[in-house]
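Next come the chains, spelled out residue by residue.
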Amino acid sequence: MLSIKNIHANVEGKQILKGINLEIKAGEVHAIMGPNGSGKSTLASVLAGREQYEVTEGKVTFLGKNLLDLEPEDRAREGLFLAFQYPVEIPGVSTTNFIKAAVNEKRKYHGQEPLDSVAFLKTMKEKMKLVEIDQSLLSRSINEGFSGGEKKRNEVFQMAMLEPKLAILDETDSGLDIDALRIVANGINKLHNPEQAVLVITHYQRLLDYIQPDFVHVLYNGRIVKSGTKELALELEEKGYDFITEEADLTI
Ligand code: ADP
Ligand code: MG
Ligand code: MG
């Protein structure tokens, strides 16, 4: 589904990603962990196509297409979804209207008729139940005055509505209390299916108590320095990042 080959990327002229390789197949859940400042969010931003991030080398294939050639909106329409570490507030636009527009844009791109109001509401009700989000939240301006937990829940709801092929969640756990964390993780688990893949980016192993990854990768200093199964996350929890970063520093 996603193939990242030797990606190098700069931010403001500074090299942050120094050769990232990663293969994700449909149905798999991958976790990227790593110390702060390693380049985790930069990788997510490169995949999303954010402007300040310049890819200087490498290739990304998503569902057979050259991802880096696609405009950010088209990446989303192809089925890439990104939940960011710091969700933006959009005053004056309700979540409901925003999602309806996004869902119908995506349908149009794939040559489908727009959903009528009845069908849209029906889907919305189903997904609201799934992520345990309240109707009142959806009629308010996107994220305006939302608590940290409400913002994250709203993102998982948007993801549920858009049914992405690949969902990338960047530090969806930061700032969440245990109840919100459980709801967000449950939402992700319920949405996950064999045709869909998930990439979870997290600094802490805590989220991985709720979302079971098939593979765990450690990103450090712009490279994936270690990959393993979920036992690697437990080892990191126990020993901290030092045992991996010291080894990596010696080999660089
Ligand atoms: P992580 O998500 O692993 O904590 P980031 O990808 O956010 O790491 O950051 C990696 C490095 O890139 C850091 O040194 C950070 O300061 C730098 N960086 C990231 N985004 C920007 C930006 N927009 N402008 C300047 N520097 C940035
Ligand atoms: Mg960070
Ligand atoms: Mg980050």
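Criteria and thresholds
- Residues numbered from 1 in each chain as written.
- Chains lettered and ligands numbered in written order.
- Predicted model: local features only at pLDDT ≥ 70, side-chain atom pairs only at ≥ 80, totals over all residues.
- Pairing = 2+ DSSP bridges.
- Helix = DSSP H or I, 4+ residues; strand = E, 2+ residues; numbered from the N terminus.
- Contact = placed C-beta atoms within 7 Å.
- Expected span 1.5 Å × (residues − 1).
- Buried ≥ 20, exposed ≤ 12 C-beta atoms within 10 Å, placed from the backbone.
- Arc of directions from axis to C-beta.
- Axes fitted to C-alpha atoms, helices over the stretch in contact; angles between N-to-C directions.
- Parallel < 35°, antiparallel > 145°, perpendicular 65-115°, else oblique.
- Left-handed = near helix turned anticlockwise from the far one by under 90°.
- Nonpolar A, V, L, I, M, F, W, Y, C, P; charged D, E, K, R; others polar.
- Near = placed C-beta within 6 Å.
- pLDDT = per-residue confidence, 0-100.

A. Quick look at the sheet that holds strand 4 (residues 53-62). Judged by pairing direction, the sheet is antiparallel, and its four strands sit side by side in the order 2-1-4-5 without closing on themselves. Two strands lie at the open edges of the sheet, namely strand 2 (14-24) and strand 5 (65-66), each paired on one side alone. Pairing between strand 4 and strand 5: two bridges, direction antiparallel. Across the sheet, residue Thr61 finds its bridge partner in strand 5, namely Asn66.

B. The environment of Asn154, seen in detail. With respect to the element layout, Asn154 can be found in helix 6 (residues 148-162). Between the alpha carbons of Asn154 and His203 there is a distance of 21 Å; along the sequence they are 49 residues apart. Those residues in contact with Asn154, other than ones at most four positions away along the chain, are Thr95, Ile133, Leu137, Asn143 and Phe146.

C. Geometry of helix 4 (residues 117-131). Along its 15 residues, helix 4 runs 21 Å from first to last C-alpha, staying within 8% of the 21 Å computed at 1.5 Å per residue. All of the buried residues in helix 4 are Met124, Lys127 and Val131. Looking straight down helix 4, one finds that the buried residues subtend no more than 75° of arc, so they occupy a single side. Those residues of helix 4 that are exposed and aimed more than 90 degrees away from the buried face are Val118, Ala119, Lys122, Lys125, Glu126 and Lys129. For helix 4, the elements touching its buried residues are helix 6 and helix 7 (178-191). Phi turns positive, to about 50°, at Glu132, one or two residues after helix 4.

D. Broad picture of the packing of helix 3 (residues 95-109) against helix 6. Following both chains from N to C, one finds helix 3 and helix 6 inclined at 30°, their axes separated by 10 Å at the closest point. Classified by the interaxial angle, the pair formed by helix 3 and helix 6 is roughly parallel. The way helix 3 lies across helix 6 gives a crossing that is right-handed. Along its contact with helix 3, which presents Thr95, Ile99, Ala102, Val103 and Lys106, the element helix 6 presents Asn154, Gln158, Met161 and Leu162. Of the residues that constitute the contact of helix 3 with helix 6, the class distribution is five nonpolar, three polar and one charged.

E. Layout of the site of ligand 1. Taken together, Val11, Glu12, Ile16, Gly34, Asn36, Gly37, Ser38, Gly39, Lys40, Ser41, Thr42 and Gln52 are the residues near ligand 1. For the shell around ligand 1, the element with the most residues is helix 1 (residues 40-48), which contributes three residues. Residue composition of the shell around ligand 1, by class: two nonpolar, eight polar and two charged.

F. Quick look at the confidence of the model for the chain. Per-residue pLDDT for the chain has a mean of 88; in total, 95% of the residues score no lower than 70. Both scores are given for the predicted complex: the pTM is 0.90, the ipTM 0.93.

G. Main features of the pairing of strand 6 (residues 80-83). Of the two faces of strand 6, the one lined by Leu80 and Leu82 and the one lined by Phe81 and Ala83 are each fully buried. Sheet topology places strand 6 next to strand 9 (residues 166-170); four bridges connect them, and they run parallel. The residue bridging Phe81 from the neighbouring strand is Ala167, located in strand 9.

H. Summary view of the sheet that holds strand 10 (residues 197-201). The mixed open sheet is built from six strands, whose spatial order is 6-9-10-3-11-12. Here the strands that pair on one side only, and so sit at the sheet edges, are strand 6 and strand 12 (223-228). The sheet shows a mean angle of 20° between the axes of neighbouring strands, direction not considered. Bridge count for strand 11 (residues 215-220) against strand 12 is five bridges, and the pairing is antiparallel.

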